[in-house]
Amino acid sequence: MHIKYIGDCQLFLAFQVKAELLFINLPSRESEAMGSQTNQQNQTETEAEQLPCVLVHRSPSIELHFLTNTLAPHFRLLDPHKSSIPIDSFLSLHAPSIRALVVAGLSPVTAETLRRLPSLELVVGTSAGLDHVDLSACRLGGIAVTGAGNAFAEDVADYAVALLIDVLRRLSAGHRFVRSGIWPVKGEFPLGSKLGGKRIGIVGLGHIGSEVAKRLMAFGCNIAYTSRNKKPSVSYAYHENVCDLATESDVLIVCCALTPATHHIINKDVMKALGKDGVIINVGRGALVDEKQLVESLTKGEIGGAGLDVFENEPDVPKELFDLENVVLSPHRAVLTPQSIQSLQQLVLANLKAFFANKPLLSPVQLE
């Protein structure tokens, strides 16, 4: 009986150990779920690796979340600033597979940038101007470039008209007059000037300039323009140079691209031709206007006023402009509304899809 008891115990212990081993080897619900998640993650990573590669070209301080969230489901986005390896090593590793590059804001795209990307075929701009992109290097390298097209045009045009109305009718100056409490002390506020009937000279009749013209026609203004080429599709008066345009204008609205040829296109001679009652509105780039000369002309009363959304050395603005009641200043915000950002998202996505599908680009830039 004693021997049998020991044997029964041994048999029981053996059975218990075997059962525990079986239990350990059986997959639990948690382990099954983890396994399923791992498989899905691996599948997702594999699918992402098969998507076309697009390099996100940005300065470290610039984020592009609003755009990358739109592009991520369709492309494999490569961002050197989110990698643990040095930028040079990152670009060397991925350069052979990078055929398209998206520029974040005004991040410079230089000839050196292009040299490091020998497979690059497309630069996608996300700003209204492309003076930060070496277009000559792109042309020489056979690299296509797209711009913002019409994505910002309507909002910038609205802003240009708003700046003009503000300068002419002295809205911001009147606002300060009331808020400062000096109305009861000084009495009547100086009169502004009527917009209707003004002779408007548009410098650059592209997407934005055309929208500006359309809006000011509705106010009863007379439109003239200067541009790289005469536009046969419009009836506005054309002037071959800015000085001639200024001579025949009450207002100059500057919205052309900044290039070596247009740097300081609004200079002393232009301001003199515009005259002491003339107004300058700049929604293009700061360097289109000789800023030092503009300050001098305004402080001496040689022109009538200015509405400026852009400056030569942003965010530094000449302090002499701060106390001038005939000047309206804005922190480079003409292009930005939630609607324009959404339009840009869709345009960038459409351009990239068209490129990888070998279809025509939606907003190509003419490289001359």
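Residues numbered from 1 in each chain as written. Predicted model: local features only at pLDDT ≥ 70, side-chain atom pairs only at ≥ 80, totals over all residues. Heavy atoms only, no water.

A. Layout of the packing of aromatic side chains. Under the definition given, this model contains four aromatic pairs. Residues Phe 177 and Phe 189 carry aromatic rings whose centres are separated by 5.0 Å and whose planes lie at 55° to one another, so their mutual orientation is tilted. Pair noted here: Phe 177 is in helix H8 (residues 171-179) and Phe 189 is in the loop between helix H9 (183-186) and strand S6 (199-203), with a separation of 12 residues, a long-range link. Of the residues examined, Phe 177 reaches a relative accessible area of 9% and is grouped as buried. A ring pair is formed by Phe 355 and Phe 356, whose centres lie 4.9 Å apart and whose planes are at 70°; its orientation type is edge-to-face. Judged by its relative accessible area of 11%, Phe 355 falls in the buried class. Three or more aromatic residues joined by ring pairs form one cluster here, namely Phe 75, Phe 355 and Phe 356. (Phe/Tyr/Trp six-rings, centres within 6.5 Å; stacked < 30°, edge-to-face > 60°. Helix = DSSP H or I, 4+ residues; strand = E, 2+ residues; numbered from the N terminus. Buried < 20%, exposed > 50% of the residue type's maximum accessible area, 1.4 Å probe, protein only.)

B. A look at helix H10 (residues 207-218). Its 12 residues place the ends of H10 18 Å apart at the C-alpha level, agreeing with the 16 Å of an ideal helix rising 1.5 Å per residue. Where H10 is buried, its residues meet helix H7 (153-169), S6, strand S7 (222-226) and strand S9 (251-254). The positive-phi residue at the C-terminal boundary of H10 is Gly 220, with phi of around 85°. (Expected span 1.5 Å × (residues − 1). Contact = heavy atoms within 4.5 Å.)

C. Structural detail: the pattern of salt bridges. For the coordinates displayed, the defined rule picks out 13 salt bridges. Between Arg 116 and Asp 88 there is a salt bridge, and its shortest N-O distance comes to 2.1 Å. On the criterion of sequence distance, the pair formed by Arg 116 in the loop between helix H5 (111-115) and strand S4 (122-124) and Asp 88 in helix H4 (residues 87-94) is long-range, its members being 28 residues apart. Residue classification places Arg 116 among the partly exposed positions, given a relative accessible area of 28%. With its nearest N and O atoms 3.0 Å apart, the salt bridge here joins Arg 176 to Glu 325. Here the residue Arg 176 occupies a position in helix H8, and Glu 325 occupies one in the loop between strand S11 (305-308) and strand S12 (327-329), the gap between them amounting to 149 residues. With relative accessibility at 38%, the residue Arg 176 sits in the partly exposed group. For Glu 325, a relative accessible area of 40% corresponds to the partly exposed category. (Salt bridge = Lys/Arg side-chain N within 4 Å of Asp/Glu carboxyl O.)

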